[in-house]
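Below are the chains, spelled out letter by letter.
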Amino acid sequence: HPKIDLVAIVEPNRVARFLFRRLTKIPVIDDISRLDDDLYDSAFVLTPPSTHFLIVSNLLRKKKNVFLEKPLSLNPNDSQQLLELAQKYNLLNPLV
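Residues numbered from 1 in each chain as written. Predicted model: local features only at pLDDT ≥ 70, side-chain atom pairs only at ≥ 80, totals over all residues. Heavy atoms only, no water.

Caption draft 1: Geometry of the pattern of salt bridges. Applying the stated criterion to the full structure yields two salt bridges. Ionic pairing is found between Arg-34 and Asp-30, a salt bridge with its closest N-O pair at 2.6 Å. By relative accessible area, which is 30% here, Asp-30 ends up partly exposed. Lys-62 is the partner of Asp-37 in a salt bridge, and the nearest nitrogen-oxygen pair spans 3.4 Å. On the criterion of sequence distance, the pair formed by Asp-37 in the loop between strand S2 (28-29) and strand S3 (42-45) and Lys-62 in the loop between helix H2 (49-61) and strand S4 (65-68) is long-range, its members being 25 residues apart. (Salt bridge = Lys/Arg side-chain N within 4 Å of Asp/Glu carboxyl O. Buried < 20%, exposed > 50% of the residue type's maximum accessible area, 1.4 Å probe, protein only. Helix = DSSP H or I, 4+ residues; strand = E, 2+ residues; numbered from the N terminus.)

So, in structure tokens, the structure goes:
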């Protein structure tokens, strides 16, 4: 989309980072904590469902909008907490 700037790819796997760096011109980092929070206002979370709650809850607490692959989480209580966090900070609903 012309109104979206992809500022980084976060990939913990060393081999995948190497491939992303070879195939794209987008910065690739191993941990989102290395990315300046002022550089982005939204995140696409494309990770295994078991990681969704931790990653998304951290992003929502930083007041970042999130696009999340299904399922929201593996635990209904965690899913409810994510929804409440998104509503608390008036962010886009993570149930995309």
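Caption draft 2: Structural context of H2. Here H2 is 13 residues long and its end C-alpha atoms lie 19 Å apart, about the 18 Å a rise of 1.5 Å per residue gives. Residues His-52, Val-56, Ser-57, Leu-59 and Leu-60 constitute the buried set of H2. For H2, the elements touching its buried residues are S3, S4 and helix H3 (76-88). Lys-63, located one to two residues past H2, shows a positive phi value of around 65 degrees. (Expected span 1.5 Å × (residues − 1). Contact = heavy atoms within 4.5 Å.)

Caption draft 3: Quick peek at the pairing of S4. Sheet topology note: the S3/S4 ladder contains four bridges and is parallel. The residue of S4 that forms the bridge with Phe-44 is Phe-67. For the crossover that starts at S3, traverses H2 and ends in the parallel S4, the hand is right-handed. (Pairing = 2+ DSSP bridges. Right-handed = clockwise from strand over helix to strand, strands pointing away.)

Caption draft 4: Up close: the side chain of Ser-57. Tracing the backbone through its elements, the reader meets Ser-57 in helix H2. For Ser-57, the side chain forms a polar contact with the main-chain oxygen of Leu-54, separated by 3.2 Å. Beyond its immediate stretch of four places on either side in the chain, Ser-57 contacts His-52, Leu-82 and Leu-85. (Polar contact = N/O pair within 3.5 Å; in protein donor to acceptor, adjacent residues only side chain to side chain.)

Caption draft 5: Main features of the nonpolar core. Judged by nonpolar contacts, the single largest core of 16 residues is most densely connected at Val-45, Val-56, Leu-59, Leu-60, Val-66 and Leu-68. Sorting the residues of this core by element identifies S3, H2, S4 and H3 as the ones contributing at least two each. Apart from residues lying up to four places away in sequence, Val-56 is in contact with Val-45, Val-66, Leu-68 and Leu-82. (Core = buried A, V, L, I, M, F, W, Y, C linked by side-chain atoms within 4.5 Å.)

Read these as geometric descriptors, not functional statements.
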